[in-house]
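Here is how the chains run, residue by residue.
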Amino acid sequence: MDSDDSQEGTGRVLGEEWFPVGEISVESMRERSASSALPPHYFLHVWFARRPLIASRAAIAASLLPENVDRQRFLSLQGIPPEIDIVSIYQEFLRAKAEKRRIRSPFSWTRAFKCTPSSDLIQSLKPMATHVTDSSPLILDPFSGGGSIPLEAIRLGLDVVANDLNPVAYLCLKGTVEYPARFGIRLIPEVRAFCEKVHREAKIELEEYYPSGPHEEVYSYLWARTIQCPHCGLTIPLSPNWWIARNDSDRIVVRVVSKIDSDLCTFEILEDSEKAGYDPGCGTVSNGDAICPRCTSTVDGDAIKTEAQAGRMGHQLYCVCTKIPKSRGRGKTWIFRAPTEEEMFALDRLGDLDSDRLSVLKTRGLIPPEEIIPGSKTREPINYGMPHWSDLFNPRQLLAHATYMEKYLKAKQDIFSRLTPGTDEWEFATAVATYGAMVFDSCVNYNSIQSRWDSTRGAIRGSMDMQAFPFRWSYGEFDHARMLWPWAVEKTIDSLTDLIALMPDTPGKATISNADAQALPCAPKSVDVIVTDPPYSDNVMYAEVSDFFYVWLKRLVGDLFPVQFSDEQTNKTDEAVANPARFNGIKKGQA
């Protein structure tokens, strides 16, 4: 990457004089144009407020290269074709979209983040940075979070220190930055074999709790939280609406049926609610209050919370979302049905086991007993009678998660029992176990009472969609004997495979640390450039929401990372966020 020889260097870097804001903005938008086509590290493990890869790469390069560097080659380093006016093309695309004109996609080039810099470009970067350092530059990101900046640093062939105070972020950094670059493609078969072993053993014990019909695959069980009507005694199923499928091909709804001679509602599946004269948008919850479908009286929100805090809020299964093979041709078709007697019997049996099997699992430490610490984002579960992290799961979800943890720990012990700590084999096994823990966390994310059913997509949404814990009146539950773990394995393997594919022939070295940014493990004057995106005021309460994962991870990998997972929950005292729950009198927008 040649600089302009006619221009004498001033010691200033490119970013102080020029930055291609338009081009980087366009590619940052394209990078996030579809939730299903995000960069691979998004699908590895939940983290919050990840930065675009292309913006991260450009920030690093513009902080290293001199002001007189050739700007066309700078764009090439970002994966942006310098001969194309991508800003004008994108503006025309937006105009057509605003005017609702259908046009052919104008984007003829690969999205920039997918373009790994060539060896020639990488080798030309280091000599150009001699005004910064005489040796290979060392990059520091003290607030690395989800890993966008350190990932792009090693893709540029640069060594990086990636730090985060949060242990969950630390684990994300290991899996996103260090392990793909260090171990590469040989991780894939080992991670798959490890996870498949866990699944085989857990499935045997769990299948009886998830009965299904012939040739049927259960994609979701739909549940409503319940309270008893104080006026007529009906157990009210709580949901703001009763849509099951709301898209171009299906308009499926549930109708709540209440009877005089029973205090338990039943449910009917309707394929034509208009013909039946039924409005599925009229749920049993409105503005936080409940409406009894039998006596039509209202139960105010405070009374609901009082019932919940007294342990009198329940769960009722109202629909099972399944797929069966099409009668003609290939593929499968949706079938939405009411729960069967066999399914209800399995749930009743689980209720009987609550003082038996679940108690044993709790005693063995496989179910987190930690209390939810009241905070800015964690008050809501407590308000609704869920003071412990384990309360965010129904009994069957807890049984499934704890059973998978039991089999995970056994499989992990089988691997490490024949290895010596500190060896390359031990470190490789640690990487394999880490990805297995990420699979587990995906299951936790998509199988809690915070996991809602999206009727427009026909899919369960993750618990962490909102980076908070809003109360869910209704929720979706996966079949965690057959469906959830294999899906989470494939998601993790696909993400890891794509991350490895993004690596250059010679990536930089990543050093991952878990420390306070005020006391980093860096030698004096060892860091050449700091590139970071620090926490922004009260945007995300990282420590509060990541405890949802931390309490499981410390049981899964706490022995492999004993320092990082030594605390009961994450460090909130030293976190650089404006959390009003921690600082009395703080004004919004002030850190």
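Everything numeric here is computed off the predicted structure, so don't read it as measured data.

Colleague: Explain the overall build of the protein to me, and be specific about the residues and the numbers.
Modeller: The number of helices and strands found in the protein is 18 helices and 17 strands. Relative to its length of 591 residues, the protein is compact, with a C-alpha radius of gyration of 27 Å against a globular reference of 25 Å. Judged by the C-alpha coordinates and their principal axes, the protein covers about 90 × 65 × 60 Å. In the protein, the share of contacts with a sequence separation of at least 24, taken over all contacts with a separation of at least 6, comes to 74%. Surface accessibility of the protein: about 26600 Å² in total, with carbon and sulfur atoms responsible for 48%. When the 65 positive and 79 negative side-chain charges of the protein are each reduced to one mean point, those points stand 4 Å apart.

Colleague: Hey, could you go over the environment of Ala224 for me, with residue numbers and the actual values?
Modeller: Relative to the assigned elements, Ala224 resides in strand β3 (residues 217-228). Expressed as a C-alpha distance, the spacing of Ala224 and Gly476, which sit 252 residues apart in the sequence, is 9.0 Å. With sequence-adjacent residues up to four places away left out, Ala224 is seen in contact with Pro237, Leu238, Trp242, Gly314, His315, Gln316, Tyr318, Trp473 and Ser474.

Colleague: Run through the pairing of strand β12 (residues 332-337), naming residues and quoting values.
Modeller: Consecutive side chains of a regular strand alternate in pointing toward one face of the sheet and then the other. In terms of strand pairing, strand β11 (residues 314-325) meets β12 through six bridges, oriented antiparallel. Within β12, the position partnered with Ile324 by the bridge is Thr333. Between β11 and β12, which pair antiparallel and follow one another directly, the connecting turn spans six residues, one of which, Gly329, has a positive phi of 75 degrees.

Colleague: Any chance you could break down the packing of helix α9 (residues 187-206) against helix α16 (residues 424-446) for me, citing the residues and the numbers?
Modeller: As a packed pair, α9 and α16 sit with axes 9 Å apart at the nearest point and diverge in direction by 55 degrees. One finds that α9 runs oblique with respect to α16. Of the two elements, α9 crosses α16, and the hand of that crossing is right-handed. Contacts between α9 and α16 involve Leu187, Glu190, Val191, Phe194 and Cys195 from the first element and Phe428, Ala431, Val432, Tyr435, Gly436 and Val439 from the second. Here the contact of α9 with α16 is built from residues that sort into nine nonpolar, one polar and one charged.

Colleague: Please set out helix α15 (residues 395-416) residue by residue, giving values where relevant.
Modeller: A rise of 1.5 Å per residue sets the reference length of α15, with its 22 residues, at 32 Å; its end C-alpha atoms lie 31 Å apart and thus fit the reference within 8%. A large share of α15 lies buried, amounting to 16 of its 22 residues. Its side-chain oxygen placed 3.1 Å from the backbone nitrogen of Arg396, Asn394 serves as the N-cap of α15.

Colleague: Mind laying out the environment of Pro470, listing which residues take part and the relevant values?
Modeller: Topologically, Pro470 is positioned in the loop between β14 (459-460) and β15 (474-477). By relative accessible area, Pro470 is classed as partly exposed at 22%. Put simply, Pro470 and Thr378 are 92 residues apart on the chain and 8.7 Å apart in space, counted from C-alpha to C-alpha. Apart from residues no more than four positions distant in its own chain, Pro470 is found in contact with Glu380 and Gln450.

Colleague: An account of the packing of helix α8 (residues 167-183) against helix α18 (residues 542-557) is requested, with residue identities and associated values reported.
Modeller: Close contact between α8 and α18 brings their axes to 9 Å; oriented N to C, the two are set at 65 degrees. Accordingly, the angle class assigned to the pair α8 and α18 is roughly perpendicular. Between α8, through Pro167, Val168 and Leu171, and α18, the contact on the second element is made entirely by Ser546, Phe549, Tyr550, Leu553 and Val557.

Colleague: An account of the sheet that holds strand β16 (residues 510-513) is needed here, citing residue identities and associated values.
Modeller: Pairing between sheet strands relies on hydrogen bonds along the backbone, with the strands arranged either parallel or antiparallel. The four strands are arranged β16-β2-β1-β17 in an open sheet whose pairing can be described as parallel. Where the open sheet ends on each side, the last strands, each with one partner, are β16 and β17 (529-530). As paired strands, strand β1 (residues 138-141) and strand β2 (residues 159-163) are joined by four bridges and run parallel to one another. Residue pairing across strands places Asp141 opposite Ala162, the latter belonging to β2. Across the face of the sheet, α8 comes into contact with β2 and β16 while running at roughly 170 degrees to β16.

Colleague: Break down the packing of aromatic side chains for me, citing the residues and quoting the values.
Modeller: In this structure the tally under the stated criterion is 36 aromatic pairs. For the ring pair Tyr384 and Phe471, a centre distance of 3.9 Å and an interplane angle of 10 degrees mean the geometry is stacked. On the criterion of sequence distance, the pair formed by Tyr384 in the loop between α14 (379-383) and α15 and Phe471 in the loop between β14 and β15 is long-range, its members being 87 residues apart. A relative accessible area of 6% places Tyr384 in the buried class. Centroid distance Phe393 to Phe548: 5.9 Å. Interplanar angle 20 degrees. Geometry classified as stacked. Highlighted residues: Phe393 in the loop between α14 and α15 and Phe548 in helix α18, separated in sequence by 155 residues. Taken together, Trp389, Phe393, Phe440, Phe469, Phe548, Phe549 and Trp552 form an aromatic cluster joined through their ring pairs. The aromatic ring of Tyr42 is capped on one face by Arg50, whose charged end is 5.6 Å from the ring centroid.

Quick notes on the rules
- Residues numbered from 1 in each chain as written.
- Predicted model: local features only at pLDDT ≥ 70, side-chain atom pairs only at ≥ 80, totals over all residues.
- Heavy atoms only, no water.
- Helix = DSSP H or I, 4+ residues; strand = E, 2+ residues; numbered from the N terminus.
- Rg over C-alpha atoms; globule rule 2.2 N^0.38 Å.
- Contact = heavy atoms within 4.5 Å.
- Areas by Shrake-Rupley, 256 points an atom, 1.4 Å probe, with all protein chains shown as cover.
- Lys, Arg positive; Asp, Glu negative; His and termini not counted.
- Charge placed at Lys NZ, Arg CZ, Asp CG, Glu CD.
- Pairing = 2+ DSSP bridges.
- Axes fitted to C-alpha atoms, helices over the stretch in contact; angles between N-to-C directions.
- Parallel < 35°, antiparallel > 145°, perpendicular 65-115°, else oblique.
- Left-handed = near helix turned anticlockwise from the far one by under 90°.
- Nonpolar A, V, L, I, M, F, W, Y, C, P; charged D, E, K, R; others polar.
- Expected span 1.5 Å × (residues − 1).
- Buried < 20%, exposed > 50% of the residue type's maximum accessible area, 1.4 Å probe, protein only.
- Polar contact = N/O pair within 3.5 Å; in protein donor to acceptor, adjacent residues only side chain to side chain.
- Phe/Tyr/Trp six-rings, centres within 6.5 Å; stacked < 30°, edge-to-face > 60°.
- Lys NZ or Arg CZ within 6 Å of the ring centre and 35° of its normal.

Functional significance is not addressed by these values, which are geometric in nature.
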